[in-house]
Amino acid sequence: MEKQAKQEKDIRILETFIGCYCRSKHKSPKGVLCEECSELLAYAKLKREKCPLDPKPTCKHCHVHCYGKAQRAKVREIMAYSGKHLMLRGRLDLLWHYFF
Ligand SMILES: [Zn+2]
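Cut-offs used in this document
Residues numbered from 1 in each chain as written. Predicted model: local features only at pLDDT ≥ 70, side-chain atom pairs only at ≥ 80, totals over all residues. Heavy atoms only, no water. Helix = DSSP H or I, 4+ residues; strand = E, 2+ residues; numbered from the N terminus. Buried < 20%, exposed > 50% of the residue type's maximum accessible area, 1.4 Å probe, protein only. Contact = heavy atoms within 4.5 Å. Areas by Shrake-Rupley, 256 points an atom, 1.4 Å probe, with all protein chains shown as cover. Core = buried A, V, L, I, M, F, W, Y, C linked by side-chain atoms within 4.5 Å. Phe/Tyr/Trp six-rings, centres within 6.5 Å; stacked < 30°, edge-to-face > 60°. Axes fitted to C-alpha atoms, helices over the stretch in contact; angles between N-to-C directions. Parallel < 35°, antiparallel > 145°, perpendicular 65-115°, else oblique. Nonpolar A, V, L, I, M, F, W, Y, C, P; charged D, E, K, R; others polar.

Looking at an unreviewed UniProt entry, the protein chain carries the name Nitrous oxide-stimulated promoter family protein, with the source organism given as Geomonas paludis.

This is the structure:
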């Protein structure tokens, strides 16, 4: 897959995860993110776009550690939370462990 397409795919997955988390944790309406979650998504997008590594390793195995401590903890929480939800709904294809 070409670099741009991979990036867009990663960002779509992120949006799905954060959206799922925000809907059930923060009671946001479908398709809407609360301020906290949209900030995190913007942050994650930026980091993904600026990732200097190609192919990008999973963040767990990456030596760059581009995320700040707080954001990293938050994204991990979101991935674990939404990962469980999405798995229950049969969305294993999203590979929630891909990021962290
Ligand atoms: Zn939220």
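After that view, the rundown keeps rolling.
Here we take up the overall build of the protein chain. Each helix and strand in the protein chain was counted, giving three helices and zero strands. With 100 residues in all, the protein chain has 31% of them scored as buried. Partitioning the contacts of the protein chain with sequence separation of at least 6, the portion at a separation of at least 24 is 62%. For the protein chain, the computed accessible surface area is about 6400 Å², with 57% contributed by carbon and sulfur atoms.

Moving on to the nonpolar core. Among the nonpolar cores identified, the biggest contains 16 residues, and Leu14, Phe17, Ile18 and Ile78 are the most heavily contacted of them. Counting residues per element, the ones that place at least two in this core are α1 (3-25), α2 (35-49) and α3 (69-88). A total of seven residues in this core trace back to one element, the largest contributor, which is α1. Those residues in contact with Ile18 that lie beyond four places of it in its chain are Leu33, Cys37, Leu40, Leu41 and Ile78.

In this section: the packing of aromatic side chains. Counted by the stated rule, this structure contains two aromatic pairs. Centre to centre, the rings of Tyr21 and Tyr81 are 5.3 Å apart; their planes meet at 85 degrees, and the pair counts as edge-to-face. Residue Tyr21 is found in helix α1, and its partner Tyr81 is found in helix α3; the two are separated by 60 residues along the sequence. With a relative accessible area of 1%, Tyr21 lands in the buried category. Judged by centre distance (5.5 Å) and plane angle (80 degrees), the rings of Tyr43 and Tyr67 are edge-to-face. Residue Tyr43 is located in helix α2, and its partner Tyr67 is located in the loop between α2 and α3; the two are separated by 24 residues in the primary sequence. Residue classification places Tyr67 among the buried residues on the basis of a relative accessible area of 12%.

A word on unusual backbone geometry. In this model, Lys27 sits at a positive phi of 60 degrees, which is unusual for a non-glycine residue. Topologically, Lys27 is positioned in the loop between α1 and α2. The class for Lys27 is exposed, based on a relative accessible area of 65%.

What follows covers the packing of α1 against α3. In contact at an axis separation of 9 Å, α1 and α3 are set at 80 degrees when each is read in the N-to-C sense. If you check the angle between α1 and α3, you find them roughly perpendicular. Mapping the contact onto sequence places Leu14, Thr16, Phe17, Ile18, Cys20, Tyr21, Ser24 and Lys25 in α1 and Lys74, Glu77, Ile78, Met79, Tyr81, Ser82, Gly83, His85 and Leu86 in α3. Split by residue class, the contact of α1 with α3 holds nine nonpolar, five polar and three charged.

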